[in-house]
Amino acid sequence: GEVDFSASDPYFDVRWRLIRKHRSMLEFLVAKRYVRNIDELDLKSKSKAETVKKLAFFNTVLQKSITRFVTPMICGSDKYEHRIMIIANKYYDSLSLFGKSELTFWMGRLKNTVRQEECIALLREYGKKELKRYKMLPDDESREKRELAFLIRGINVSLVYGGDREALDFYLTSLIKDK
């Protein structure tokens, strides 16, 4: 039969739609601020420590609802893609685990074909380095090991997104073998 969404149903009344509408606006504004943070970075600064401090916003892994706004603002824009590559080349090792995760997420979604190739090479390098660190940790379920697995997963997903077939095979195999 048919489902009746009456006005008395709290999830479908006017108030609920209004809350949802404002939440989307808030998510858009957070996305705009995130992109402005990328825009305002002084990537030519002589003080690496100061730039790293300003990169702190990268330490927040964005919700999917915000990422859907950020992605079209960054990806396909030569200006922002160039800035992402500078951050990747100069500041990757200075970022926190979550900052690295967020950066590698964006690296895997760049549209410029020359930058995509550079990203894949960098992501492979980062993946090998992080996997080596992961394997050096004891076989336990420590927070550090789980967080590093999260980063490695993100790097591999970005590689897969960039068309790297080997990363897909590695990722699927690691899901089967490593809990």
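That block above? That's the structure.
Now for a look at the structure at hand. (Residues numbered from 1 in each chain as written. Predicted model: local features only at pLDDT ≥ 70, side-chain atom pairs only at ≥ 80, totals over all residues. Heavy atoms only, no water.)

**Notes on empty space enclosed by the protein**
Inference 1: In total, this model carries one cavity of 30 Å³ or more according to the counting rule given.
Inference 2: Considering the residues around the largest cavity, the lining is formed by Met107, Gly108, Gln116, Cys119, Ile120, Leu123, Ser158 and Gly162.
Inference 3: No other element matches the four residues that helix H6 (residues 113-136) contributes to the lining of the largest cavity.
Inference 4: Within the lining of the largest cavity, the residues separate by chemical class into four nonpolar, four polar and no charged. (1 Å grid on protein atoms, 1.4 Å probe; cavity = no way out; pocket = protein on both sides within 12 Å on 5 of 7 lines; lining within 4 Å. Points joined across faces, edges and corners; volume = space filled by probe spheres on them. Helix = DSSP H or I, 4+ residues; strand = E, 2+ residues; numbered from the N terminus. Nonpolar A, V, L, I, M, F, W, Y, C, P; charged D, E, K, R; others polar.)

**What about the packing of aromatic side chains?**
Inference 1: This model, assessed by the stated rule, comprises eight aromatic pairs.
Inference 2: Ring geometry for Tyr34 against Trp106: centres 6.4 Å apart, planes inclined by 45°, an arrangement best described as tilted. Of this pair, Tyr34 sits in helix H1 (residues 14-40) while Trp106 is found in helix H5 (residues 97-107), placing the two residues 72 residues apart along the sequence. For the pair Tyr34 and Trp106, a shared accessibility class is recorded, and that class is buried.
Inference 3: Among the aromatic residues, those joined into a ring-pair cluster are Tyr34, Phe57, Phe58, Phe105 and Trp106.
Inference 4: Geometry around Tyr134 places Lys145 over its ring, the cationic atom sitting 4.6 Å from the centre. (Phe/Tyr/Trp six-rings, centres within 6.5 Å; stacked < 30°, edge-to-face > 60°. Buried < 20%, exposed > 50% of the residue type's maximum accessible area, 1.4 Å probe, protein only. Lys NZ or Arg CZ within 6 Å of the ring centre and 35° of its normal.)

**Concerning a nonpolar patch on the surface**
Inference 1: On the surface, a cluster of nonpolar side chains totalling about 220 Å² of accessible area is made up of Val61, Phe98 and Phe150.
Inference 2: Along the polypeptide, Val61 turns up in the loop between helix H2 (48-54) and helix H3 (64-74). (Patch = residues over 30% accessible without salt bridge, like charges linked within 9 Å, V, L, I, M, F, W, Y side chains within 5 Å. Areas by Shrake-Rupley, 256 points an atom, 1.4 Å probe, with all protein chains shown as cover. Salt bridge = Lys/Arg side-chain N within 4 Å of Asp/Glu carboxyl O.)

**Some remarks on the layout of surface pockets**
Inference 1: Roughly 280 Å³ of internal volume is contained in the second largest pocket.
Inference 2: Taken together, 15 residues form the lining of the second largest pocket, with Val61, Glu102, Phe105, Arg109 and Arg153 sitting closest to its centre.
Inference 3: Elements that contribute at least two residues to the lining of the second largest pocket include exactly H3, H5 and helix H7 (143-161).
Inference 4: When residues of the lining of the second largest pocket are assigned to their parent elements, the largest contribution, five residues, is made by H7.
Inference 5: Here the lining of the second largest pocket is composed, by residue class, of five nonpolar, six polar and four charged.

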